[in-house]
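A closer look at the structure
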Amino acid sequence: MEQYAIKGGNPLVGEVEIGGAKNAALPILAAAIMTDETVVIENVPDVKDTNALIQAMESIGAIVERIDRHTVKINASQIHGHVIEDDFIKKIRASYYLIGALLGKYKKAEVVLPGGCNIGSRPIDQHIKGWKALGTQVDIAHGLISAEAAELKGSHIYMDVVSVGATINVMMAAVMAEGQTIIENAAKEPHVVDLANFLNSMGANIKGAGTDVIRIKGVTSLHKTEYTIIPDQIEAGTFMFAAAVTKGDITVKNVIPKHLESITAKLIEIGCEVEESDDAVRVVASKPLNHTHVKTLPYPGFPTDMQPQMAVALGLSQGTSIVTESIFENRFRYVDELTRMGANIKVEGNTAIINGVGRYTGASLSAPDLRAGAALVLAGLAAEGFTMIDEIQYIQRGYEDFELKLKGLGAQIEKVETEREIQKFKFKVS
Ligand code: EPZ
């Protein structure tokens, strides 16, 4: 079983390149099957989730050619089925984007119910409500969700909650529906905008993505395109916090600073210096960190996907901080692990009360999910002594070459599999 072995205590210093956004790549890859013409997508992150989705697309006949590590060419003219039930696809949340894409193009889809990180109950009622409003019959049976429409007709849909997944899924289904669809209370995340831009580059007519009202005029077909995915806001934010917790100086390159504003604001509040340029941000943490309060919210609020990394920093900040998680109810599962490193955190409902401590100490930990796993790596890098982290397959779902990028900044971290490799690492760094 692969684990990360970490020797903490080094300030991370240097430059790191951010890859394409996982949560934009997933719907964009799925939407590529909505045309019979060939689509080229650049800046696709090479992570477990995108690879699982590509495998699922291939299982129904999409031809996917990798031009290089981050560029794929997709031709879906030979799609021969609309049923996706392979076991591997169950594990990823984004499997449900294939429902929106298949429904939009073929008016028919049958996909295993989505899994994904265990961060709370993850209903899909708003996706179903949107599809039904467009004229779809939706049924859930034997672990499969099936959606079928004689024809899709534009509709006016008011989302009861702001949902990234539902906004994206309804947008894909509506692109080739007859007439106009309006999605109110839509999610405004950069990846929602990126998908809309991608679909528009294929000939769709989507306006208002990035605001809370999206208007879609149905078109009869979509065509080929070449498209580059936006940089990953959460990967960037994770490295920004790596600078904060290790008292480092990191320039995070290839980012859109606008997408990072809520993260930047919190880093400044806790005492870091942040310099922005056109496509990079530099985070310098030269002073002791201060406490603050933070509440996760849909974009442009502070992202739930950055909550554990923020908590790791607040755990080392002077004073008492309060973190409120308002999106997913089960996103504090890393707190027990951090406590083993000496953190002083009490969770009450959706709130964590954090009393800053002077240091963390290395321990054996388990990554509970993707972002919490990355946050524990940051804690290990800040801690005194050795930290071992298992279940790192969660981290690999969303971070490409995480340990290599950290090493490039001076981190002492290694992916290890055997006791011998662990001993070798300890010998090397001690
Ligand atoms: C996306 O999940 C991301 N996943 C998550 O990132 C991210 O944490 C989340 O958006 C919030 O930003 C992908 O993009 C693949 P939601 P999603 O629908 O779409 C409720 C990561 O680490 N809701 O915006 O599943 C829901 O329970 C992952 O990369 C309903 O009630 O999230 C939650 O409270 C983890 N009914 C809120 O809305 C619905 O039908 C927001 O969820 C749908 C959602």
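The sections below set out a description of the structure shown in this document.

The rules behind the values
Residues numbered from 1 in each chain as written. Predicted model: local features only at pLDDT ≥ 70, side-chain atom pairs only at ≥ 80, totals over all residues. Heavy atoms only, no water. Core = buried A, V, L, I, M, F, W, Y, C linked by side-chain atoms within 4.5 Å. Buried < 20%, exposed > 50% of the residue type's maximum accessible area, 1.4 Å probe, protein only. Contact = heavy atoms within 4.5 Å. Helix = DSSP H or I, 4+ residues; strand = E, 2+ residues; numbered from the N terminus. Phe/Tyr/Trp six-rings, centres within 6.5 Å; stacked < 30°, edge-to-face > 60°. Lys NZ or Arg CZ within 6 Å of the ring centre and 35° of its normal. Near = heavy atom within 4 Å. Polar contact = N/O pair within 3.5 Å; in protein donor to acceptor, adjacent residues only side chain to side chain. Areas by Shrake-Rupley, 256 points an atom, 1.4 Å probe, with all protein chains shown as cover. Nonpolar A, V, L, I, M, F, W, Y, C, P; charged D, E, K, R; others polar. Pairing = 2+ DSSP bridges. Axes fitted to C-alpha atoms, helices over the stretch in contact; angles between N-to-C directions. Lys, Arg positive; Asp, Glu negative; His and termini not counted. Salt bridge = Lys/Arg side-chain N within 4 Å of Asp/Glu carboxyl O. Expected span 1.5 Å × (residues − 1).

**Thoughts on the nonpolar core**
One finds Ile-41, Phe-198 and Leu-199 to be the most contacted residues of the largest nonpolar core, which totals 80 residues. Leave out the neighbours within four places in its chain, and Phe-198 touches Ile-28, Ala-31, Ala-32, Val-39, Ile-41, Thr-225 and Tyr-227.

**Comments concerning unusual backbone geometry**
Of note, the amide linkage connecting Tyr-299 to Pro-300 takes the cis form, showing an omega dihedral of 10 degrees. Checked against the element boundaries, Pro-300 lands in the loop between strand E18 (293-295) and helix H10 (307-314). Residue His-142 is not a glycine yet carries a positive backbone phi of 50 degrees. Tracing the backbone shows His-142 in the loop between strand E8 (137-141) and strand E9 (144-148).

**Observations concerning the packing of aromatic side chains**
Tallied over the full model, the rule gives 6 aromatic pairs. With a centroid separation of 5.4 Å and 75 degrees between ring planes, the pair formed by Phe-198 and Tyr-227 is classed as edge-to-face. Within this pair, whereas Phe-198 is found in helix H7 (residues 190-201), its partner Tyr-227 is found in strand E14 (residues 225-228), the two being separated by 29 residues in sequence. Judged by relative accessible area, Phe-198 falls into the buried class, the value being 0%. The exposure class of Tyr-227 is buried, given its relative accessible area of 12%. On the basis of an interplanar angle of 70 degrees and a centroid distance of 5.8 Å, the ring pair of Phe-239 and Phe-402 is categorised as edge-to-face. Of this pair, Phe-239 sits in helix H8 (residues 233-246) while Phe-402 sits in helix H14 (residues 402-407), placing them 163 residues apart in sequence. For the pair Phe-239 and Phe-402, one class covers both residues: buried. By the ring-pair criterion, three or more aromatic residues cluster together here, those being Phe-239, Tyr-399 and Phe-402. Looking at Lys-426, its charged tip hangs above the ring of Phe-386, at a distance of 5.2 Å from the centre.

**Topic: the site of the ligand**
Lining the immediate surroundings of the ligand are 25 residues, of which Gln-126, Ser-163, Val-164, Asp-305 and Ile-327 lie closest. Here an oxygen atom of the ligand sits 2.9 Å away from a polar atom, N or O, in the side chain of Lys-22. Protein coverage of the free-state accessible area of the ligand, which is 830 Å², stands at 89%. Listing elements by their share of the shell around the ligand, those giving two or more residues are helix H1 (22-31), helix H5 (125-133), helix H6 (164-174) and helix H12 (370-382). Top element by residues in the shell around the ligand is H5. It accounts for 3 residues. Taken together, the residues of the shell around the ligand sort by class into 11 nonpolar, 7 polar and 7 charged.

**Here's the deal with the sheet that holds strand E20 (residues 344-348)**
Read from one edge to the other, the open sheet built from 4 strands follows the order E18-E19-E21-E20, with strand pairing classed as mixed. Both outer strands of the open sheet, E18 and E20, are each paired with one neighbouring strand and no more. Averaged over all neighbouring strand pairs, the angle between strand axes comes to 15 degrees, with direction disregarded. The sheet contact formed by strand E19 (residues 320-324) and strand E21 (residues 351-355) spans 5 bridges and is antiparallel. When the sheet's bridge partners are listed, Val-323 is paired in E21 with Ala-352. Its contacts with the sheet place H10 against E18, E19 and E21, and it is angled at close to 170 degrees to E19.

**So, the environment of Ala-363**
Counting through the fold element by element, Ala-363 comes out in the loop between E21 and strand E22 (364-366). We classify Ala-363 as buried; its relative accessible area is 15%. Ala-363 sits 235 residues away from Ile-128 along the chain, and the two C-alpha atoms are 44 Å apart. Residues within four places of Ala-363 in sequence aside, it is in contact with Arg-340, Met-341, Phe-386, Thr-387 and Met-388.

**Describing the side chain of Arg-371**
Mapped onto the elements of the fold, Arg-371 is located in helix H12. One buried charge, Arg-371, has no salt-bridge partner; the nearest side chain with opposite charge is Asp-305, at 4.2 Å. With residues up to four places along the chain from it excluded, the contact list for Arg-371 reads Lys-22, Asn-23, Ile-234, Asp-305, Pro-308, Gln-309, Arg-331 and Tyr-399.

**A short note on the pairing of E8**
Sheet topology note: the E8/E9 ladder contains 5 bridges and is antiparallel. Each residue of the ladder has a partner; that of Val-138, found in E9, is Ala-147. Two successive antiparallel strands, E8 and E9, enclose a turn made up of 2 residues, where His-142 displays a positive phi of approximately 50 degrees.

**Points about H7**
Between the first and last C-alpha of H7 there are 16 Å, a value that for 12 residues agrees with the 16 Å anticipated at 1.5 Å per step. All buried positions along H7 are accounted for by Pro-190, His-191, Val-192, Asp-194, Leu-195, Ala-196, Phe-198 and Leu-199. One or two residues past the end of H7 sits Gly-203, with phi positive at roughly 105 degrees.

**Focus on the environment of Val-193**
The residue Val-193 is located in helix H7 in this model. The exposure class of Val-193 is partly exposed, given its relative accessible area of 22%. Remark: the alpha-carbon pair of Val-193 and Thr-211, spanning 18 residues in sequence, is separated by 9.1 Å. Other than its neighbours up to four places away in sequence, Val-193 contacts Lys-188, Ala-209 and Gly-210.

**Things to note about the pattern of salt bridges**
Tallied over the entire structure, the rule returns 22 salt bridges. Its salt-bridge partner being Glu-261, residue Lys-258 comes within 3.2 Å of it at the nearest N-O pair. Here Arg-282 makes a salt bridge to Glu-275, at a shortest N to O gap of 3.6 Å. Under the relative-accessibility criterion, Glu-275 is labelled partly exposed at 45%. Each of the salt bridges in this network shares a partner with another, and the network as a whole consists of Asp-46, Arg-69, Glu-400 and Asp-401.

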